[in-house]
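This is what each chain is made of:
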Amino acid sequence: MKIMVINGPNINMLGIREPDIYGKSTFADLLSLIEKTAIAEGLEIEQFQSNHEGAIVDKIQECYGKVNGIVINPAAYTHTSVAILDALKSVGIPAVEVHISQVSDREAFRQISYPGMYCEKTIQGKGLDGYKEAILYLKEKYA
Ligand code: CA2
């Protein structure tokens with residue numbers, strides 16, 4: 001089974017500021033956790049991070065016919081991007097949305113998720129462990 005893990009803008013800055021919201025772990029810690037999960041679970045996992053909406057749309061389109069599951073933290077694009085929602089719909093690949101923080105307890109402008117309208121599950125407020133949970137969910141359901 002092949003899974004694509006996509007992270008949106010500023011996730012590469014994890015651990016640098018706002019540890020009260022996002023924790024102390026760094027982006028390198030996240031990459032390593034996902035790589036270890038891939039090895040332990042016998043999965044092929046590719047990781048992609050971009051600060052650019054169009055690059056994320058391009059990556060989702062590239063998944064068509066090649067990837068069995070998508071784990072996506074669209075970061076701030078969660079709350080604005082119909083383009084990412086449409087890209088997910090266009091490829092039709094099972095997807096899980098992850099948020100490191102408990103978005104439901106945060107500002108009003110974070111209460112809408114466009115990509116979440118396609119994703120079959122949203123995991124939030126579990127820190128980096130949320131990514132592992134999303135990967136295991138896709139493995140259990142689709143491998
Ligand atoms: O909780 C999440 O995972 C978010 O997707 C993170 C986004 C935020 O815009 C979403 O509402 C929820 C922010 C990404 C990281 O932003 C940083 C801010 C300061 C320091 C380091 C990263």
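Note that the structure is a prediction, hence the values are computed from the model and not measured.

Participant: I tried to follow the sheet that holds strand E1 (residues 2–7) on my own but got confused; where do I start?
Facilitator: Pairing is parallel in the open sheet, where 5 strands are placed in the order E2-E1-E3-E4-E5. The open sheet terminates on both sides in strands that have one partner only, identified here as strand E2 (44–49) and strand E5 (121–124). In this sheet, neighbouring strand axes are inclined to one another by 20 degrees on average, regardless of whether the strands run parallel or antiparallel. Inspection of the sheet shows E1 paired to strand E3 (residues 69–73) by 5 bridges, in the parallel sense. Its bridge partner being in E3, Met 4 is matched across the sheet by Ile 70. Across the sheet, helix H2 (residues 27–41) lies against E1 and E2, angled at about 165 degrees from E2, the strand it touches most.

Participant: I would appreciate a short explanation of the nonpolar core in the present structure.
Facilitator: Core analysis: the biggest nonpolar cluster contains 21 residues, and Val 71 and Tyr 131 have the highest contact counts within it. Going through the elements one at a time, E1, H2, strand E4 (95–99) and helix H5 (129–142) are the ones with two or more residues in this core. Among residues more than four places away in sequence, those in contact with Tyr 131 are Val 5, Asn 7, Ile 11, Leu 30, Ile 34, Val 71, Asn 73, Val 98 and Ile 100.

Participant: When you look at unusual backbone geometry in this model, what are you seeing that I'm missing?
Facilitator: Glycine aside, residues mostly have negative phi, and peptide bonds are mostly found in the trans state. Even without glycine at this site, Asn 10 takes up a positive phi of about 75 degrees. Along the chain, Asn 10 falls in the loop between E1 and helix H1 (19–22). Its relative accessible area of 53% is what places Asn 10 among the exposed residues. Located in the positive-phi region is Glu 18, a residue other than glycine, with phi close to 50 degrees. By the secondary structure assignment, Glu 18 is in the loop between E1 and H1. We classify Glu 18 as partly exposed; its relative accessible area is 37%.

Participant: What is the right way to read the pattern of salt bridges from this model?
Facilitator: Any two side chains of opposite charge can pair, so long as their charged atoms come close to each other. A full pass over the atoms with the stated rule returns 9 salt bridges. Glu 46 serves as the salt-bridge partner of Lys 2, at 3.2 Å between the closest nitrogen and oxygen. Here Lys 2 is found in strand E1, whereas its partner Glu 46 is found in strand E2, with 44 residues between them in sequence. With a shortest N-O distance of 2.7 Å, Arg 110 and Glu 107 are connected by a salt bridge. Classification of Arg 110 as buried rests on a relative accessible area of 18%. Through salt bridges with shared partners, one network takes in Lys 2, Glu 44, Glu 46, Lys 59 and Glu 62.

What counts and how
Residues numbered from 1 in each chain as written. Predicted model: local features only at pLDDT ≥ 70, side-chain atom pairs only at ≥ 80, totals over all residues. Heavy atoms only, no water. Pairing = 2+ DSSP bridges. Helix = DSSP H or I, 4+ residues; strand = E, 2+ residues; numbered from the N terminus. Axes fitted to C-alpha atoms, helices over the stretch in contact; angles between N-to-C directions. Contact = heavy atoms within 4.5 Å. Core = buried A, V, L, I, M, F, W, Y, C linked by side-chain atoms within 4.5 Å. Buried < 20%, exposed > 50% of the residue type's maximum accessible area, 1.4 Å probe, protein only. Salt bridge = Lys/Arg side-chain N within 4 Å of Asp/Glu carboxyl O.

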